[in-house]
Amino acid sequence: MPIVLDYDDVIFDTFKKLIKFYNKAYREWFRKEHFIHADFKKVWRITREESSARFREFFKSTESASIIPYPGSRDFIRRLAMRHELHIATNRPEEARKETIQLLDRYFKGMFTDVHFCTRDWGLDHFRKKSSVCREVMANIILEDHPENVIDCAMDGRHVISSRPAME
Ligand SMILES: [Mg+2]
């Protein structure tokens, strides 16, 4: 049975590293409790373009390269992959493919059938929804943390297993 999983803050603990990078690079003091929106640029009070530029810097940073999986996620996914066809659907931009695959290969080598990117132009062009990825790979189940993607997939009839957003 095909199953789709989100990448950031579902299998990888990205949020902590992102905030660490952001505060250091832009001399800010954001803490977890400041994140009252899942849309981070509203918290950071910056434009779409600026947010895209800052994510681009993040994906090239040492913090991003040192993201690690959540405790237990490797073992869980290894066992899941024995019985099911697993796919990643991510709102990371296609331009971050190399860095994204590198971490997957380091921790989850051979466990995923494919990685589906939903944005390009460093996130400025959101060219597909995760519900369309689910349809394409014929997955009825998705593990996802972002509220917008949860709603999109649930409205499309998928079973959504939703972890709490990382900032909660
Ligand atoms: Mg996520």
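Residues numbered from 1 in each chain as written. Predicted model: local features only at pLDDT ≥ 70, side-chain atom pairs only at ≥ 80, totals over all residues.

Formed by 22 residues in total, the largest nonpolar core has its most connected members in Val4, Leu5, Ile11, Cys134 and Ile142. At the level of secondary structure, the elements contributing two or more residues to this core comprise β1 (2-5), β2 (85-93), β3 (114-120), α7 (130-137) and α8 (147-155). Not counting the four nearest positions on each side in its chain, leucine 5 is found in contact with Val10, Ile11, Leu86, Ile88 and Leu143. (Core = buried A, V, L, I, M, F, W, Y, C linked by C-beta atoms within 7 Å. Buried ≥ 20, exposed ≤ 12 C-beta atoms within 10 Å, placed from the backbone. Helix = DSSP H or I, 4+ residues; strand = E, 2+ residues; numbered from the N terminus. Contact = placed C-beta atoms within 7 Å.)

Here we come to helix α6 (residues 97-108). The periodicity of an α-helix, 3.6 residues per turn, causes residues three or four places apart in sequence to face the same way. In this model, α6 (12 residues) spans 15 Å end to end at C-alpha, consistent with the 16 Å of a helix rising 1.5 Å per residue. Trailing α6 by a residue or two, glycine 110 shows a phi angle of about 75°, which is positive. (Expected span 1.5 Å × (residues − 1).)

A positive phi angle is found at aspartate 9, which is not glycine, with a value near 65°. Position of aspartate 9 relative to the elements: it lies in the loop between β1 and α1 (14-26). We classify aspartate 9 as buried; it has 21 C-beta atoms within 10 Å. In this structure, aspartate 121 is a non-glycine residue whose phi angle is positive, near 55°. The topology assignment puts aspartate 121 in the loop between β3 and β4 (125-126). Taking the number of C-beta atoms within 10 Å as the measure of exposure, aspartate 121 has 12 and is therefore exposed.

Where α7 meets α8, the axes come as close as 8 Å, and the angle between the chain directions of the two elements is 45°. Taken together, α7 and α8 sit at an angle that is classed as oblique. Only Asn149, Asp152 and Cys153 of α8 make contact with α7, whose side of the interface consists of Lys130, Ser131 and Cys134. For the contact of α7 with α8, the residue count by class is two nonpolar, two polar and two charged. (Axes fitted to C-alpha atoms, helices over the stretch in contact; angles between N-to-C directions. Parallel < 35°, antiparallel > 145°, perpendicular 65-115°, else oblique. Nonpolar A, V, L, I, M, F, W, Y, C, P; charged D, E, K, R; others polar.)

We now examine the sheet that holds strand β6 (residues 159-162). By way of backbone hydrogen bonds, the strands of a sheet pair with one another, either parallel or antiparallel. Ordered in space as β4-β3-β2-β1-β5-β6, the six strands form an open sheet in which the pairing is mixed. Of all the strands in the sheet, just β4 and β6 have a single pairing partner and so form its edges. Pairing of β3 with β4, which is carried by two bridges, proceeds in the antiparallel orientation. Pairing of threonine 119 across the sheet is with histidine 126, part of β4. (Pairing = 2+ DSSP bridges.)

Here the chain is partitioned into domain 1 (2-12 + 69-162) and domain 2 (14-65). The straight-line distance from the C-alpha centre of domain 1 to that of domain 2 is 21 Å. The interface is formed by 11 residues belonging to domain 1 together with 10 residues belonging to domain 2. Looking at the side of domain 1 that touches domain 2, its residues break down into five nonpolar, two polar and four charged. (Domains from an automatic or database assignment.)

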